[in-house]
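Structure assessment
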Amino acid sequence: MNAVLLIEDDDRIRLSLAMALEDEGYTAHAVATAEEGLAAQRSRPADTVLIDLMLPGMDGYECIRQLRRTDDVPIVVVSARDDTHDIVAALEAGADDYVVKPVAVKELAARLRALRRRARAAAPPATPATSVLTFGDLEVRPEAGEVRLRGEPVAVTRTEFRLLCELADHPGLVLSRQQLLQRVWGHEFGDERVVDVHVGRLRHKIEAESGNPRHLVTVRGLGYKLQP
């Protein structure tokens, strides 16, 4: 996972960030617009996409949505916008992580390494696995990379799957947002809103009533847990 696609319209930031990533051992392909980024990802897929939100023409939100229609590539937003609405909207569009400018390249490189570790951990086994974690009508199959609800497959992103597996590995145990950030995203510190948005996305997929969850519940003041 050394190939990075950088979509950034600011010439100075694009050049400096691409050079810094190269110094960290990554191969960076940098473009200035979402349209160029989508074309580049189709013709020469990168292992990770870094994208700004405020782009000329198509904005970053729509670019993320279009990428997500056909590609499970990890997407990290790199934006000067730090308002909760912007962060939530980007994650809802399908981004995996969010970094606020100005960017500390060492921190960004650490997040990319965490994405690499997560991708390796999520790789399917050479032979089919049979382990199933059951929570009522919800089944999580970590080794097979599957989630089923009432016997039917549920489409989840790579990050949603890892979050669900982490909670399923600790049935009935409350995990704090900070613990989930560290275990799922590989961050020692970070914005806990990332966790909340992904939990919300999961609830829409695995709960009969996302506003009144049965399986993925909030323990006020503590965190989240998965229960039958």
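With respect to helix H3 (residues 60–70)
For H3, every residue scored as buried is listed here: Gly 60, Tyr 61, Cys 63, Ile 64, Leu 67 and Arg 68. Looking down the long axis of H3, one finds its buried residues gathered within 160° of arc, a one-sided arrangement. Facing away from the buried side of H3, by more than 90 degrees, are the exposed residues Arg 69 and Thr 70. In this structure Asp 59 caps H3, since a side-chain oxygen of it lies 3.2 Å from the backbone nitrogen of Tyr 61.

Remarks on the pairing of strand S2 (residues 27–31)
Where strand S1 (residues 3–7) and S2 come together, five bridges link them in parallel fashion. Each residue of the ladder has a partner; that of Val 4, found in S2, is Ala 28. Note on the crossover from S1 through helix H1 (residues 11–23) to S2: the handedness is right-handed.

Re the sheet that holds strand S4 (residues 75–79)
Across the sheet, five strands lie side by side as S2-S1-S3-S4-S5; this open sheet has parallel pairing. The open sheet has two edge strands, S2 and strand S5 (97–100), and neither has a second partner. Across this sheet, the average inter-strand angle for adjacent strands is 20°, counted without regard to direction. For S1 and strand S3 (residues 48–51), the ladder comprises four bridges, and the chain directions are parallel. Residue pairing across strands places Leu 6 opposite Leu 50, the latter belonging to S3. Against the sheet, helix H2 (residues 34–43) contacts S1, S2 and S3, and its axis sits at roughly 160° relative to S1.

Side note on the pattern of salt bridges
Applying the stated criterion across every chain, the model contains 21 salt bridges. One salt bridge in this structure joins Glu 62 and Arg 65, with 3.1 Å as the shortest N-O distance. Here the residue Glu 62 and the residue Arg 65 both occupy positions in helix H3, the gap between them amounting to three residues, near one helical turn. The closest approach of N and O atoms between Arg 201 and Glu 160, which form a salt bridge, is 2.7 Å. Here the residue Arg 201 occupies a position in helix H8 (residues 193–206), and Glu 160 occupies one in helix H6 (residues 158–168), the gap between them amounting to 41 residues. The two residues Arg 201 and Glu 160 agree in class, both being buried.

Structural notes on the sheet that holds strand S8 (residues 146–149)
With antiparallel pairing, the four strands of this open sheet are ordered in space as S6-S7-S8-S9. Among the strands making up the open sheet, the edge pair consists of strand S6 (133–135) and strand S9 (152–153). Bridge analysis of S8 against S9 gives two bridges, and the strand direction is antiparallel. Counterpart to Arg 148 in the pairing with S9 is Pro 153. Against the sheet, H6 makes contact with S6, strand S7 (138–141) and S8, and its axis sits at roughly 105° relative to S7, the strand it touches most.

Description of the environment of Gly 211
You can see Gly 211 is positioned in the loop between H8 and strand S10 (216–219). The exposure class assigned to Gly 211 is exposed, which follows from its relative accessible area of 78%.

Topic: the confidence of the model for the protein
For the protein, the mean per-residue pLDDT works out to 89, and 92% of the residues sit at or above 70. No element of the protein has a lower mean pLDDT than helix H5 (residues 105–121), at 75, and none a higher one than H2, at 97. Residue range residues 125–129 is modelled with pLDDT below 50. Its contacts to residues more than four positions away, or to other chains, number three contacts.

How each quantity is defined
- Residues numbered from 1 in each chain as written.
- Predicted model: local features only at pLDDT ≥ 70, side-chain atom pairs only at ≥ 80, totals over all residues.
- Heavy atoms only, no water.
- Buried < 20%, exposed > 50% of the residue type's maximum accessible area, 1.4 Å probe, protein only.
- Helix = DSSP H or I, 4+ residues; strand = E, 2+ residues; numbered from the N terminus.
- Arc of directions from axis to C-beta.
- Polar contact = N/O pair within 3.5 Å; in protein donor to acceptor, adjacent residues only side chain to side chain.
- Pairing = 2+ DSSP bridges.
- Right-handed = clockwise from strand over helix to strand, strands pointing away.
- Axes fitted to C-alpha atoms, helices over the stretch in contact; angles between N-to-C directions.
- Contact = heavy atoms within 4.5 Å.
- Salt bridge = Lys/Arg side-chain N within 4 Å of Asp/Glu carboxyl O.
- pLDDT = per-residue confidence, 0-100.

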